[in-house]
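Letter by letter, the chains look like this.
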Amino acid sequence: LYTFYIWSTNDTTQSITVTDSGTYTLTVVDSNGCSNSASITIYRDFGQPKITLKLDTLSAAPGELVSFPLHILESENMPQSQATEYVATVTFNASLLAPAQQPLGSVINGKLRTITVSGYRDISQTTGNLPAIEFIAALGNTIETIIHIDSITWSNGIKPVTVTSFDGLMKLNG
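This is a predicted model, so every value here is computed, not measured.

Peer 1: What is the right way to look at unusual backbone geometry in this model?
Peer 2: Excluding glycine, residues mostly have negative phi values, and the peptide bonds linking residues are mostly trans. Located in the positive-phi region is N77, a residue other than glycine, with phi close to 60°. Tracing the backbone shows N77 in the loop between strand 6 (65–76) and helix 1 (78–81). A positive phi angle, near 65°, is found at Q82, a position not held by glycine. Summarising the element assignment, Q82 is placed in the loop between helix 1 and strand 7 (85–93).

Right, here's the structure in full:
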């Protein structure tokens, strides 16, 4: 018979109710002062991770740096998903914008250029901005281009993430 119970949650009861995933440890002490500990890891299922992203409408003169942050409009179950690294594929008018950094991949098809970039989300981040996609504005064959997010794939995490995205727009000044 045990006389003392202490859980890693600081509860001192014989049993606890678990509502979150994690490792729980119980230490028991008997009437002779002898103790023993045991741990258990609980995996609680959570809903489908979802994130909604949006790019801005921005304007710039030729030669200017244009930063398009990926705004997190809303998200569900992202911390639980443990998804932090992503790869995004973005398409835009090739004559109006040039990537400011070397992309992971780049394809030009007629007037359109598609680039692949990567980024990181802090595991606790559920709102705010993901790292910006940066371009240099150019004097192109048009005065504006839609910045279309073709896809965003989270390359880690324990469940696939459903992504909804809204395009941005770049307008040339001048």
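Peer 1: Quick question: what am I supposed to make of the sheet that holds strand 7 here?
Peer 2: Here six strands make up an open sheet; going across it, the order is 5-14-12-7-10-9 and the pairing mixed. Where the open sheet ends on each side, the last strands, each with one partner, are strand 5 (57–60) and strand 9 (105–109). In this sheet, adjacent strand axes meet at a mean angle of 25° when their direction is disregarded. Relative to strand 14 (residues 168–172), strand 5 runs parallel, the two being bridged by four bridges. When the bridges of strand 14 are listed, T57 appears paired with L169.

Peer 1: How should the pairing of strand 7 be read in this particular structure?
Peer 2: Looking along a regular strand, one sees side chains alternate from face to face of the sheet. For strand 7, the buried fraction is high: seven of the nine residues fall into the buried class. Where strand 7 lies against strand 10 (residues 112–120), nine bridges are found, and the strand directions are antiparallel. The residue of strand 10 that forms the bridge with A88 is V117. Taken together, the six bridges between strand 7 and strand 12 (residues 144–154) define a ladder with antiparallel strand orientation. Its bridge partner being in strand 12, T91 is matched across the sheet by H148.

Peer 1: I'm lost on the sheet that holds strand 11 (residues 128–137) in this one. Help?
Peer 2: Backbone-to-backbone hydrogen bonds pair the strands of a sheet. The strands run either parallel or antiparallel. Taking strand neighbours across the sheet as the criterion, the five strands line up as 8-11-6-4-13 in an open arrangement whose pairing is mixed. One side of each edge strand has no neighbouring strand; the edge strands of this open sheet are strand 8 (97–99) and strand 13 (162–166). Strand-to-strand twist in this sheet, taken as the mean axis angle between neighbours without regard to direction, amounts to 35°. As defined by bridge partners, strand 6 adjoins strand 11 across seven bridges and the pair is classed as antiparallel.

Peer 1: What exactly am I supposed to notice about the confidence of the model for the protein here?
Peer 2: Detailed reading of the predicted model is not advised wherever pLDDT is low. Per-residue pLDDT for the protein has a mean of 92; in total, 99% of the residues score no lower than 70. The secondary-structure element of the protein with the lowest mean pLDDT is helix 1, recorded at 90, while strand 1 (residues 2–7) shows the highest, at 96.

Peer 1: How do you make sense of the environment of E144 when you look at a structure like this?
Peer 2: Residue position: E144 is located in strand 12. Among the residues examined, E144 registers a relative accessible area of 36% and is labelled partly exposed. When the C-alpha atoms of E144 and L169 are compared, they prove to be 7.0 Å apart, with 25 residues separating the residues in sequence.

Calculation notes
Residues numbered from 1 in each chain as written. Predicted model: local features only at pLDDT ≥ 70, side-chain atom pairs only at ≥ 80, totals over all residues. Heavy atoms only, no water. Helix = DSSP H or I, 4+ residues; strand = E, 2+ residues; numbered from the N terminus. Pairing = 2+ DSSP bridges. Axes fitted to C-alpha atoms, helices over the stretch in contact; angles between N-to-C directions. Buried < 20%, exposed > 50% of the residue type's maximum accessible area, 1.4 Å probe, protein only. pLDDT = per-residue confidence, 0-100.

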